[in-house]
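# What the coordinates show
Listed below, chain by chain, are the residues.
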Amino acid sequence: MQPTGDLRREAAVAAAVVVIAVVVDRPVLLLGAAGVAAAVVARQYAALRSFAAVDDALTVAVGAGGSNTVVGRATTVPIAVSLGRPVDCAVRVTVDPPVPASPEAEPATIDLPAGTTTAEATLTFAVPVAGRFALPDAAVEIVDSSGRIEETLSRATDTEIDVAARSPRDVHVGAGGRRVAAANGAHASGSRGSGLVPVETRPYVAGDSLANIDWKATARFDSPHVREFEVETELRTVLVVDRRTAMATGPPGETKLDYARDVALGYAARAERQTDPLGLYVVGEGTVTDAVSPTSGSEGYRRIRDALHGLEVRTDGAPSVRPSVDSPVAPFSSSVSLEEGSSAFDRTLRPFFSVNAASTDRVDGDPLVAAVERARIESADDLLTVLMTDDTDRRRVREAVSVARRGSGRVIVLLAPHVLFEPGGLGRIELAYDRYAEFESFRRTLDGLAGVRALEVAPRDRIEAVRRGADE
Amino acid sequence: MSRSRSSEGRLDVVGERPSVPVGIGYVGVVVVFGALWGAGGALAGLTTVAASVVAGPVVAVAVAHGTFLVVAHSAPGWTIAVSEVALGGLLVAGLRHQHGPGPTAVVAAVAFAAFAVLAAGVYDATGSVMTAAVTLSVVAGLVAYAIHRYELVRLGLVTDDPEGEP
């Protein structure tokens, strides 16, 4: 029960009257002081009843709308305040944003004028760090009907905000808005020989190895039979990931590159699980910035994983991840040091490094095409090239695909539709749909090529928004 | 009754006093004072009303008793008692409460009666205004503090731990 300035003034008047009564020795003035004191006590009593009524009837409900969010995103939490019955005092409920919220976040202030029972407001804030944060208790300020006594209560909000790090949400990999499986699972080789997976049991013919005779089948059919197995092969895969400026389109943490990285990590995990050789070529501005030839060693998988995790869009041509042995920067650095050395070791190795250094110089043509060409050169013919880029330069994508499918090469093209990532891209849904339709036409063109599987990679909610827009 | 925010952002209650009861209270004070003490009493009543308009009825009660020093210098005790009734009416007229003015008015009347009887009793017993004034101040302060503490307990703003936060 905190007195306001008005009540303090009244108390001062009572004290002054008492003093005057003593000074002038007139007891009648004590009646005035008694009257003021009685008025103050009556106001306290009235305020006590009002505050107790508020305490009993007030509820602060925090909506769950913003309980899950991501770092840096403006989050809106609806707050509803209600009183079970009208009261004659003014109530203000203030809810502060969580402690780690950005300083510019304003608390939500909800005023309940005397006589009203419900009010609503929203609390908007952005949290710059990931984690789980409790919403502070609501502060309830009450001022009695005379405006002379106030009190502050608190109400638990019982709300926690989960703030996740920015990362792609619900990655959609599909065709024409429909989800499809992008990765290969166990793959049939089509040829037969030694292996673990039995294919068929057939009658023995001259020339079959005696070691392949299935004695149980022979006894059952009363004639010699052999069992055949499928030969196990490796699926050599190279990931060609475009990290040029256009791939930076999208909200922080949800750019085209982030989605491409997510899918690429899926391929890397699948390859590691099946011990298939996997390579990685990263395409930068005018150069292939990182290259790892197909490898099935655990160190190679780890290097590729690290490279993918460290991928970011940079336009200065510098390596996007730390240089590795297979990085184009590493041999260049080594050749420079060899140029400066004069030992027999330097002289012997210098020619080899100069050749490698030349091959990692900036490419003359399109770096995406150059990366695919390089992958083809450094790998076997039966190569699966997984090309991850966007649709901003369709001519170059076509060119890269045609290079990748030379010989018996197979290609999976994972395209990030620009319209689904650019800010405001879905502002006018009809326009967005037209642009998406153009993208889809391009994707189908690629998908129609022999040995090519073209798929889209995008946030699922945005794909669905475009499809809903089309339906409407 | 409405609510507004002060320039400092503080929550204020700007009350529209119940106009008819307050008007009756004003008229009652002027009429009663005038009837008791003539023109001087009426002037004291107008001064009291002016103080109520400017600073509120509580301050007006104090101002009224100040005017008594002049206009009721040697008036009999019953005239003072009647004037107190008029001032009490002025106080009650300005009171607002969701439960109606009744309970609060009763509390105000009982408190005033208790404080007045206490001050008068001590003065009668000791003949000292100083003693009566000190007694009145101490008792009124204790009552106000007791209500304050009860409110803290009622609203759950105190804990058993003396060092703990409410």
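Okay, so let's go over this structure. Computed from a predicted model, the values in this text were never measured in an experiment.

From N to C terminus, chain B includes five helices and two strands. Ordered by position from N to C terminus, the α and β elements of chain B give β-β-α-α-α-α-α. The proportion of buried residues among the 166 residues of chain B is 39%. When contacts within chain B are restricted to residue pairs at least 6 apart in sequence, those whose partners lie at least 24 apart make up 44%.

Another point: the environment of Tyr267(A). All names here are of chain A. Secondary-structure assignment places Tyr 267 in helix H4 (residues 256–273). On the basis of relative accessible area, Tyr 267 is assigned to the buried category, the value being 1%. Taking C-alpha positions, Tyr 267 is 8.8 Å from Leu 278, a pair spaced 11 residues apart along the chain.

Moving on to the environment of Ala271(A). All names here are of chain A. Mapping Ala 271 onto the fold places it in helix H4. For Ala 271, a relative accessible area of 0% translates into the label buried. Distance from Ala 271 to Glu 234, taken between C-alpha atoms, is 9.6 Å for residues 37 residues apart in sequence. Ignoring any residue separated from it by four or fewer positions in sequence, one finds Ala 271 in contact with Asp 276, Leu 278 and Tyr 301.

All names here are of chain A. Viewed as axis vectors pointing N to C, helix H10 (residues 429–447) and helix H11 (residues 460–471) meet at an angle of 110 degrees, and their least axial separation amounts to 9 Å. The angle between H10 and H11 places the two elements in the roughly perpendicular class. Where H10 abuts H11, its residues Ile 429, Tyr 433 and Tyr 436 lie against Ile 463, Ala 465, Val 466, Gly 469 and Ala 470. Considered class by class, the residues forming the contact of H10 with H11 number seven nonpolar, one polar and no charged.

All names here are of chain A. All chains considered together, the criterion is met by 29 salt bridges over all chains. With a shortest N-O distance of 3.4 Å, Arg 132 and Glu 160 are connected by a salt bridge. Linking Arg 132 in strand E8 (residues 131–134) with Glu 160 in strand E11 (residues 160–164), this pair joins segments that are 28 residues apart in sequence. Under the relative-accessibility criterion, Arg 132 is labelled exposed at 54%. With a shortest N-O distance of 2.9 Å, Asp 170 and Arg 179 are connected by a salt bridge.

Relative to the helices and strands, Gln44(A) resides in helix H2 (residues 28–57). Engagement of the side chain of Gln44(A) in a polar contact is seen with the backbone oxygen of Ala144(B), the distance being 2.9 Å. When sequence neighbours within four positions are dropped, the list of residues in contact with Gln44(A) reads Met1(A), Ile149(A), Ala144(B), Ile147(B) and His148(B).

Below, the discussion takes up the side chain of Glu254(A). Residue and element names in this part refer to chain A. Mapped onto the elements, Glu 254 comes out in the loop between strand E17 (236–242) and H4. Judged by relative accessible area, which is 2%, Glu 254 ranks as buried. In contact with Glu 254, other than residues within four places in its own chain, are Arg 73, Arg 166, Ser 167, Pro 168, Arg 169, Thr 249, Tyr 259 and Phe 421.

One pass over the full model with this rule turns up five aromatic pairs over all chains. Put simply, the rings of Phe33(B), Trp37(B) and Phe68(B) touch in pairs and so form one group of aromatic residues.

Take the interface of chain B and chain A next. Across the contact, 53 residues belong to chain B and 59 residues belong to chain A. With both chains or domains summed, chain B and chain A bury close to 4900 Å², and 70% of this area falls on carbon and sulfur atoms. Taken together, chain B and chain A are joined by one salt bridge. The salt bridge partner of Asp56(A) is Arg154(B), with a shortest N-O separation of 2.8 Å. Sorting the residues of the side of chain B that touches chain A by element identifies strand E1 (2–5), strand E2 (11–14), helix H2 (57–71), helix H3 (77–94), helix H4 (101–126) and helix H5 (129–154) of chain B as the ones contributing at least two each. Of the residues forming the side of chain B that touches chain A, the biggest block, 15 residues, is contributed by H5(B). Its residues placed into classes, the side of chain B that touches chain A shows 35 nonpolar, 10 polar and eight charged.

Residues and elements named next belong to chain A. In a regular helix each residue adds 1.5 Å, so 12 residues correspond to 16 Å; helix H8 (residues 367–378) covers 16 Å between its end C-alpha atoms and thus fits that length. With nine of 12 residues buried, H8 is to be regarded as a mostly interior element. Every buried residue of H8 is listed here: Pro 367, Leu 368, Val 369, Ala 370, Ala 371, Val 372, Arg 374, Ala 375 and Arg 376. Packing partners of the buried residues in H8 comprise E17, strand E18 (278–284), strand E19 (287–295), strand E20 (383–390) and helix H9 (394–404).

A separate point is a nonpolar patch on the surface. Together, Val19(A), Ile20(A), Val23(A) and Val24(A) line one region of the surface with nonpolar side chains, adding up to about 340 Å² of accessible area. Mapped onto the fold, Val19(A) is located in helix H1 (residues 5–24).

Turning to unusual backbone geometry, a few remarks are in order. Residues and elements named next belong to chain A. In this structure, Asp 222 is a non-glycine residue whose phi angle is positive, near 65 degrees. Here Asp 222 lies in the loop between helix H3 (215–221) and strand E16 (225–230). Of note, Thr 275 is a non-glycine position whose phi angle comes to about 50 degrees, a positive value. Tracing the chain through its elements places Thr 275 in the loop between H4 and E18.

The rules behind these values
- Residues numbered from 1 in each chain as written.
- Chains lettered and ligands numbered in written order.
- Predicted model: local features only at pLDDT ≥ 70, side-chain atom pairs only at ≥ 80, totals over all residues.
- Heavy atoms only, no water.
- Helix = DSSP H or I, 4+ residues; strand = E, 2+ residues; numbered from the N terminus.
- Buried < 20%, exposed > 50% of the residue type's maximum accessible area, 1.4 Å probe, protein only.
- Contact = heavy atoms within 4.5 Å.
- Axes fitted to C-alpha atoms, helices over the stretch in contact; angles between N-to-C directions.
- Parallel < 35°, antiparallel > 145°, perpendicular 65-115°, else oblique.
- Nonpolar A, V, L, I, M, F, W, Y, C, P; charged D, E, K, R; others polar.
- Salt bridge = Lys/Arg side-chain N within 4 Å of Asp/Glu carboxyl O.
- Polar contact = N/O pair within 3.5 Å; in protein donor to acceptor, adjacent residues only side chain to side chain.
- Phe/Tyr/Trp six-rings, centres within 6.5 Å; stacked < 30°, edge-to-face > 60°.
- Buried area = accessible area lost by both parts, 1.4 Å probe.
- Expected span 1.5 Å × (residues − 1).
- Patch = residues over 30% accessible without salt bridge, like charges linked within 9 Å, V, L, I, M, F, W, Y side chains within 5 Å.
- Areas by Shrake-Rupley, 256 points an atom, 1.4 Å probe, with all protein chains shown as cover.

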